[in-house]
Amino acid sequence: MKKIITEYLKPFYGRMAIGIFFKFTGSIMDLIIPSILALIIDQVIPLNQPAPIFYWGGVMVVCAIIGMVFNIIANRMAARVASDATEIIRHDLFARVIYFSNHQMDTLTKPSVISRLTADTYIVHQMIIRIQRLGVRAPIMLVGGIIITMTLDPGLAMVLIGIMPVMMLIIILVSRKSMPLFAGLQQALDGFVRVVREDINGIRVIKALSKTDYEKNRFDTINTDVVNREKKARMTVAVISPAMNICLNLGLVSVVVVGAYGVNNGTSEVGIILAFMTYFTIILHAVLALSKLFEMWPKATASAERIIQALDSVDILAVQEVTEDGETVKDDAFVAFQNVTFSYNKEEPNLDNISFALAKGETLGIIGETGAGKTTLLNLLMRLYDADAGSITIAGRDIRSIDPRELHQKFGVVFQNDMIFEATIEENIDLGRNLSKEAIKKAIVCAGAKAFVDEKADKSGEQLTIKGANLSGGQKQRILIARALAASPEILVLDDASSALDYQTDAAFRKAIKENFDDTTIIIVAQRISSIKHADHILVLEDGVAIGYGKHKHLMKSCEIYREISHSQMGVS
Amino acid sequence: MRRSQKFEKPQNRKGTLIQLGGYLMRYKWQLLAAITLTIGSNLLALVGPLLSGYAIDAIELGTGRVDFSQVFYYAGWMVIFYIGSAGLTYVLEVLMIRISRQVTFAMRRDVFNKLMDLPVGYFDVHQTGDVISRITYDIDTVNSSISSDLIQVSSAVITVLGSFLMMLAISPQLVLIFAFTVPASILMSRYLVKKTRPLFSRRSRKLGELNGFVEEMVSGQKTLKIYDQEEHTIEKFNVKNKQAVDAYYNAEYYGSMIFPTINFINNISLACISVFGALLYLVGSMSIGQISSFVLYSRKFSGPINEMANIMNDLQSSLAAAERVFALQNELSEARDTDQMTDLTSVKGDIVLENVRFSYDANQVIIKNLSLEAEAGKLIAIVGPTGAGKTTIINLLMRFYDTEAGNIYVDGNAVQELTRDSLRKSFAMVLQDTWIFHGTIFENLTYGKENATMAEVIQAAKAARIHSFIAHLPQGYDTILSDDGTNISKGQKQLLTIARAMLLDAKMLILDEATSNVDTRTEKKIQEAMRQLMKDKTCFVIAHRLSTIQNADLILVVDQGDVVEQGTHEELMKRQGHYWQMYQAQFE
């Protein structure tokens, strides 16, 4: 929270100071009004004239108006400052996050990044407002109230000051006791939601196995647990309100009794006792408001820290600008891996000594079990990570020496579980690259998407919903392929991009690419032999090691695992 | 983000109230006690200012003449009344927590039991998140409203009425002041609430849009990076961000007027009371003690009136929440098994479908006219493109849905005449969407057969080629699986569900893409186990990979709701139709 205040609120210090001035003055007005009441009763009434009474009544009204206007102005200024500051914080965070390297994203994880951008910035936003409002008003009411009562009657003020620590103590004790109870309740609630979610997702299995009664009992157990925890936590907190009332009211009684002595000794007056009673209420509310602010503080601090952590995250890839290693690679190799080794955790290698070379227009197929390192290889090629050893070159240049922007422009990619955005089909394919209509049309045709796109009411202008929920799996993949093809990339990378296509569509798609994108170098990761069978080179990976490399026919002879996969899929024994 | 629901208006107020009343009536005596306590504690609290007024009158006599016996007498009573009132308040709160606890428990249980009794189709058309928010957030809203708003309303009524009467007793003339200030504050807060309501819902909508945008962009960040769309995306983000903070500010702009305005009206009342009270004192029709009591009562009086607007909003949103809860509760349950139905016993596994027609919604017929015969022990494969209705056939077999026309027979019995439990228990199934719940591996495996022994479980796990993986885990079969499945891969999950199916001794088996997440080599390794699993059972297999179904006794090729071809692999290959085309595509 500190950094947020010192860094992000600094430009607003001036406006905040003005806002606080208004808040301060406004709050003082609220404090003055009851003392005018005391004044009327003790000093004005004995004069026995109506005119001064009206005069002081008028003063009260003026104070009330100033109080209202100033408080509204202050509140609005606080809201403006908080909104402006939040806008900047969010912008900085988003601008940082969108440039995150894969490594950074892996460390923080996507859900956590999302919640930092959404929930955390929201909490900080609210906190900034509250600091300026309650954070200013409550202390003023508290301190100001005490000061005014001190000047009115120090003796009576002692009663008030004496009772405050008791109230504070009760609040602290109760919240200390209730905090772990609420934390435990939250956990139990998470478990409760999990059971419901699980059972909804598994409803078919539950019904198939006739386990509904069993699930009802399981639910009863956790329901009882949650409800009991709720009860305990709320019973604890329930003490606060009656306890505060007792404190307040006993304080009032004490004021009456002590005041009675004061009046009897001539050191106090009746009007003052009356004013005291009003101040008592004001101060009590201030204490309660402050305790709420203190409750929020740890939560806001945690959020602020999470935001700062993401802002301060360092990118290990960005700074590495490697000098050219000299042109050692053969001229005809367009894309080449030379003895590339890489490990995510820098212990066990995920790719071990991988080499291959592709000429322009050639196709490489990569096949292997889940976790064999297929996607890792693609990540290295696009420099989403840097290899630990060995070199990766495109057209003879080490990819680390190529400007990332230039590097990326060479690629058209379909990732595994790639994203369809909430936009039109055309926008999804174009993706902000300002491509020509013809290029997009051609891509749609080649990706085999024309038939279903034309069926849509708005053709390629059709709006897609979040994550492409209004498309089938195969349709989504075809849109993604069209996106990858649309800019006629030098290198086309397809990571398991045709798994949702049936065999016929898959075959037609491969044919279309051959015809229209002859110059494009293609790298296909697939589970099906049929998708990569015709590739110029096929790489078989197992546990990060190349256990086979060559053409289909060659591998059928030389690589046992390849043969095994092929047989099990083609059904030929 | 929940705010948008907050202002939802209840549609069927009367029905909802009756149903909610039904829950409350179970606790009518406790509620009656609660209301009595509320009245009691508020009345006790109301006496306070009166007593303090008397005490002040005793003080007012002036220096050296204060009547201490009177002061102490009234102070003593004040202490007794205030402590009594606080004590009653605490008892009341405890009582209300108990009642709301019981109501919550009952409502959650009723909703959950309903969920278990609903037909499967309900979950196909309702989002999980929505159902969960009903059983958690909505019930909580109703619950907190029962425990706090009810008390607040009744205590507000008592306090307002009581202090009004007290003020009337002290000085009817001064009460006239409220004839102006009360309507003023009611009008003012109504005006502001009306003004801000759309602003607040706009604020939550804009925030929701921003959050949705962030989620989408962060999820697709890798793609955006490769296509160099970072700056473009930031520009779009800036627009959404600006809209969100501006919407927030606009709501605050009016929202932040409410408190100072109400405060202003209260201060004006105080000023009026001071002025006119002082004047009345001058005329001699009021004592200082009376003015003091009157001021204290006026504070009590205006408090609840200001609160009323909030409470009304709360009540409105909790009624809307209750309506959502009851809407779910009032859904039609799966029809109960009747006495005429018989249990399916000593199953053989003969299945006959006769002219079956089915559609999820009337516009789109999924299955037009399907007939087939599956003799006991035969292997039936269903192939065809996605969306052709393969999974629907399974839904009908298990009676998750009922046919529109035609009928299904098991061992010669129409499925409608069999109890659902016995019918469903005679099937074992492994689905593409594996279902693992939070619990130990052992619990997950024995889910369908609770009395299974460890030896049986290990045998099944071995057959499914998952035993060695389990044995290598530190906790072995007692390892707790987490629901998001972070400690286990998709393929392993599927092997677990295969092992689970192996433990059942059902005569009929359904495999819906059962090995789609298992890689080809492992699939080969468990082939023997699958064969064991399928032995002597009538099997329905849905598969993408045609290699897995070549030895089926009958292959059904489904397309757009019709069986377009049926026969064995050889027959279909000879025919050179749909099946042949699909098969050839594998090699192209």
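Only a predicted model underlies this, so the values are computations on that prediction, with no experimental measurement involved.

Could you give me a rundown of the overall build of chain A, with the residues and numbers involved?
Per the secondary structure count, chain A includes 20 helices and 10 strands. Within chain A, residue pairs in contact and separated by at least 24 positions form 77% of the contacts whose partners lie at least 6 positions apart.

An account of unusual backbone geometry is needed here, citing residue identities and associated values.
Residues other than glycine seldom take positive phi values, yet Asp543(A) does so here, at roughly 50 degrees. Position of Asp543(A) among the secondary structure elements: in the loop between β9 (537–542) and β10 (545–550). Non-glycine residue Asp411(B) carries a positive phi angle of around 50 degrees. Looking at the element boundaries, Asp411(B) is found in the loop between β4 (405–410) and β5 (413–414). The partly exposed category is assigned to Asp411(B), around which 17 C-beta atoms lie within 10 Å.

Describe the nonpolar core, with residues and values.
Counting residues in hydrophobic clusters, the biggest one holds 121 residues, and the most contacted among them are Ala482(A) and Leu485(A). Of all the elements, helix α3 (residues 50–98) of chain A adds the most residues to this core, at 13 residues. When near neighbours in sequence (up to four residues on either side) are disregarded, Leu485(A) contacts Gly412(A), Ala443(A), Cys446(A), Ala447(A), Leu492(A) and Phe517(A). Residues Ala34(B), Ala320(B), Met398(B) and Val557(B) belong to the second largest nonpolar core, which totals 112 residues.

An account of the UniProt feature "transmembrane region" (unreviewed entry) in chain B is needed here, citing residue identities and associated values.
Residues and elements named next belong to chain B. Mapped onto this numbering, the UniProt entry annotates "transmembrane region" (unreviewed entry) at residues 31–51, 71–92, 150–168, 174–193 and 264–284. The span residues 31–51 is 100% helix and 0% strand, and its two end C-alpha atoms sit 31 Å from each other. A distance of 29 Å separates the end C-alpha atoms of residues 174–193, which is 90% helix and 0% strand.

I'd like a rundown of the environment of Gln70(B), residues and numbers included.
As for its position among the elements, Gln70(B) is in helix α4 (residues 68–117). In the structure, Gln70(B) is positioned 15 residues away from Ala55(B) in sequence and 6.6 Å away in space, judged by C-alpha atoms.

Go over the interface of chain A and chain B with me, naming the residues and quoting the values.
Taken residue by residue, the interface counts 120 residues in chain A and 123 residues in chain B. Looking at which element gives the most residues to the side of chain A that touches chain B, the answer is α3(A), with 24 residues. Taken together, the residues of the side of chain A that touches chain B break down into 61 nonpolar, 34 polar and 25 charged.

Explain the environment of Thr86(A) to me, and be specific about the residues and the numbers.
Note that Thr86(A) resides in helix α3. Between the C-alpha atoms of Thr86(A) and His125(A), which are 39 residues apart in sequence, the distance is 5.7 Å. Contacts of Thr86(A), omitting those with residues within four sequence positions, involve Thr121(A), Val124(A), His125(A), Ile128(A) and Val245(B).

So, the environment of Gln221(B): which residues are in play, and what are the values?
For Gln221(B), the location among the structural elements is in helix α9 (residues 221–226). As a C-alpha pair, Gln221(B) and Thr233(B) span 12 residues in sequence and 9.8 Å in three-dimensional space. Beyond its immediate stretch of four places on either side in the chain, Gln221(B) contacts Ile98(A), Phe100(A) and Met105(A).

With reference to specific residues and values, describe the pairing of strand β3 (residues 379–383) of chain B.
All names here are of chain B. The element β3 is extensively covered by neighbouring structure, given that four of its five residues are classed as buried. Pairing geometry for β3 and strand β10 (residues 538–542), over four bridges, is parallel. Bridge pairing links Ala381 to Val541 in β10. As paired strands, β3 and strand β11 (residues 554–559) are joined by four bridges and run parallel to one another.

Can you explain the sheet that holds strand β2 (residues 351–358) of chain A? Please cite residues and give values.
All names here are of chain A. Within the open sheet, the four strands sit side by side as β2-β1-β4-β5. Their pairing is antiparallel. Because the sheet does not close on itself, it has two edges, and the strands there are β2 and β5 (397–398). Inspection of the sheet shows strand β1 (residues 335–342) paired to β2 by five bridges, in the antiparallel sense. Bridge pairing in β2 links Ala336 to Ala357.

With reference to specific residues and values, describe the sheet that holds β9(A).
All names here are of chain A. In space, the six strands of this open sheet follow the order β6-β7-β8-β3-β9-β10, with mixed pairing throughout. Both outer strands of the open sheet, β6 (411–414) and β10, are each paired with one neighbouring strand and no more. Each neighbouring strand pair of the sheet contributes to a mean axis angle of 15 degrees, computed without reference to strand direction. Looking at chain direction, β6 and strand β7 (residues 491–495) are connected through four bridges and run parallel. Residue Phe411 lies in a different strand from β7, and its bridge partner there is Ile491. Together, β3 (363–368), β7, β8 (521–525) and β9 form the strand contacts of helix α11 (residues 374–381), whose direction differs from that of β8 by roughly 150 degrees.

With reference to specific residues and values, describe the packing of helix α2 (residues 13–44) of chain A against α3(A).
Two measures define how a pair of helices packs: the angle their axes make with one another and the distance between the axes. Residues and elements named next belong to chain A. Where α2 contacts α3, the axes come no closer than 8 Å and their chain directions differ by 160 degrees. Classified by the angle between their axes, α2 and α3 sit roughly antiparallel to one another. Viewed along their axes, α2 and α3 form a crossing whose handedness is left-handed. Classifying every residue of the contact of α2 with α3 by side-chain character gives 24 nonpolar, five polar and three charged.

I'd like to hear about helix α12 (residues 390–397) of chain B, residue by residue, with values.
Residues lying three or four places apart along an α-helix face the same way, a consequence of the helix completing one turn every 3.6 residues. Residues and elements named next belong to chain B. When α12 is considered as a whole, its buried residues turn out to be Thr392, Ile393, Leu396 and Leu397. What you see down the axis of α12 is that its buried residues fit within an arc of 140 degrees, all on one side. Trailing α12 by a residue or two, Arg399 shows a phi angle of about 60 degrees, which is positive.

So what's going on with the packing of helix α8 (residues 212–237) of chain A against α4(B)? Residues and values would help.
The contact between α8(A) and α4(B) brings their axes to 10 Å, and the two run at 160 degrees. With respect to their mutual orientation, α8(A) and α4(B) come out roughly antiparallel. Note on packing geometry: the crossing formed by α8(A) with α4(B) is right-handed. Counting all contacts with α8(A), which are made through Thr212(A), Glu215(A), Lys216(A), Phe219(A), Asp220(A), Asn223(A), Val227(A), Glu230(A), Lys231(A), Arg234(A) and Met235(A), the residues of α4(B) involved are Val94(B), Ile97(B), Arg101(B), Thr104(B), Phe105(B), Arg108(B), Arg109(B), Phe112(B), Asn113(B) and Met116(B). Partitioned by chemical class, the residues of the contact of α8(A) with α4(B) number eight nonpolar, four polar and nine charged.

Rules used throughout
- Residues numbered from 1 in each chain as written.
- Chains lettered and ligands numbered in written order.
- Predicted model: local features only at pLDDT ≥ 70, side-chain atom pairs only at ≥ 80, totals over all residues.
- Helix = DSSP H or I, 4+ residues; strand = E, 2+ residues; numbered from the N terminus.
- Contact = placed C-beta atoms within 7 Å.
- Buried ≥ 20, exposed ≤ 12 C-beta atoms within 10 Å, placed from the backbone.
- Core = buried A, V, L, I, M, F, W, Y, C linked by C-beta atoms within 7 Å.
- UniProt positions renumbered as here; feature names shortened; annotations may be inferred.
- Nonpolar A, V, L, I, M, F, W, Y, C, P; charged D, E, K, R; others polar.
- Pairing = 2+ DSSP bridges.
- Axes fitted to C-alpha atoms, helices over the stretch in contact; angles between N-to-C directions.
- Parallel < 35°, antiparallel > 145°, perpendicular 65-115°, else oblique.
- Left-handed = near helix turned anticlockwise from the far one by under 90°.
- Arc of directions from axis to C-beta.

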